[in-house]
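Residue-level listing of the chains:
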Amino acid sequence: MIRYTTSLEHIDNSQLDGFFVGWPNPPSITKHKELLEKSSYVWLAIDQDTEQVIGFITAISDDVLSAYIPFLEVLPSYQKQGIGTELVKHMLESLQHLYMIDLLCDEEVTTFYKRFKMFECKAMCFRNYNRQSGQ
Ligand SMILES: CC(C)(COP(=O)(O)OP(=O)(O)OC[C@H]1O[C@@H](n2cnc3c(N)ncnc32)[C@H](O)[C@@H]1OP(=O)(O)O)[C@@H](O)C(=O)NCCC(=O)NCCS
């Protein structure tokens, strides 16, 4: 069974292993925990058998009009079981008081997000690659 929670209480570093798949210079688990704690909103998916966090989504927000969703990830062995969908649904519910909810994604994931009435628009971004790990 998968449990969905906004609480970071009792989540320790050993439960956060395996994320940032494919990142050349991934953040450490400590940095991952820190970004979860500093986000305006967070939802975690936890495998109740192992108590491992197997998916997460974050949002940062002014809580007036806008929010940005920088991270959504489900561990590879748990993908395609509806967990990403549940995380997005929970987050959109948490953000339903806001006007703008934006995110950036690769072309291949646009079909996934369109299921939530999201639409494509042009975006600009800047990346400071030597800061990718957050160190
Ligand atoms: C994108 C991601 C979070 C989806 O999580 P998930 O738990 O596998 O998603 P779901 O099981 O809820 O999938 C729902 C549907 O979207 C489809 N889908 C999921 N990931 C997809 C992808 N990367 N590309 C295209 N379709 C995808 C699934 O096939 C499924 O369709 P179906 O119901 O018709 O079978 C997951 O693939 C992931 O962590 N990817 C790596 C990180 C990433 O790309 N994050 C998004 C950053 S913006």
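Residues numbered from 1 in each chain as written. Predicted model: local features only at pLDDT ≥ 70, side-chain atom pairs only at ≥ 80, totals over all residues. Heavy atoms only, no water.

In the nomenclature of an unreviewed UniProt entry, the protein chain is known as GNAT family N-acetyltransferase of Holtiella tumoricola.

Asker: Help me understand the site of the ligand, please; the structure alone is not making it clear to me.
Answerer: Around the ligand, a shell composed of 18 residues is seen, among which L72, K80, G82, G84 and T85 lie nearest. Here an oxygen atom of the ligand sits 2.7 Å away from a polar atom, N or O, in the main chain of K80. At a separation of 3.3 Å, an oxygen atom of the ligand approaches a polar side-chain atom of R115. In the complex, 67% of the free accessible area of the ligand, which totals 880 Å², lies under the protein chains. Among the residues forming the shell around the ligand, the class breakdown is eight nonpolar, six polar and four charged. (Near = heavy atom within 4 Å. Polar contact = N/O pair within 3.5 Å; in protein donor to acceptor, adjacent residues only side chain to side chain. Areas by Shrake-Rupley, 256 points an atom, 1.4 Å probe, with all protein chains shown as cover. Nonpolar A, V, L, I, M, F, W, Y, C, P; charged D, E, K, R; others polar.)

Asker: Could you clarify how one ought to interpret the UniProt feature "domain: N-acetyltransferase" (unreviewed entry) in the protein chain in this entry?
Answerer: Per the UniProt record, "domain: N-acetyltransferase" (unreviewed entry) is annotated on residues 1-135. In the segment residues 1-135, helix accounts for 20% and strand for 24%; the C-alpha atoms at its two ends are 35 Å apart. (UniProt positions renumbered as here; feature names shortened; annotations may be inferred. Helix = DSSP H or I, 4+ residues; strand = E, 2+ residues; numbered from the N terminus.)

Asker: I keep staring at the sheet that holds strand β1 (residues 2-5) and nothing clicks. Help me out?
Answerer: Strand-to-strand pairing in sheets goes through backbone hydrogen bonds, with the strands running parallel or antiparallel. If you trace the five strands from one edge of the open sheet to the other, you get β1-β2-β3-β4-β5, paired in mixed fashion. Both outer strands of the open sheet, β1 and β5 (100-102), are each paired with one neighbouring strand and no more. In this sheet, adjacent strand axes meet at a mean angle of 20° when their direction is disregarded. Here six bridges tie strand β3 (residues 52-61) to strand β4 (residues 66-74), and the two strands are oriented antiparallel to one another. Its bridge partner being in β4, I57 is matched across the sheet by L72. In the packing of helix α1 (residues 29-38) onto the sheet, contacts are made with β2 (41-47), β3 and β4, and the angle to β3 comes to roughly 45°. Here helix α2 (residues 83-94) sits on the sheet in contact with β1, β2, β3, β4 and β5, set at roughly 150° to β2. (Pairing = 2+ DSSP bridges. Axes fitted to C-alpha atoms, helices over the stretch in contact; angles between N-to-C directions. Contact = heavy atoms within 4.5 Å.)

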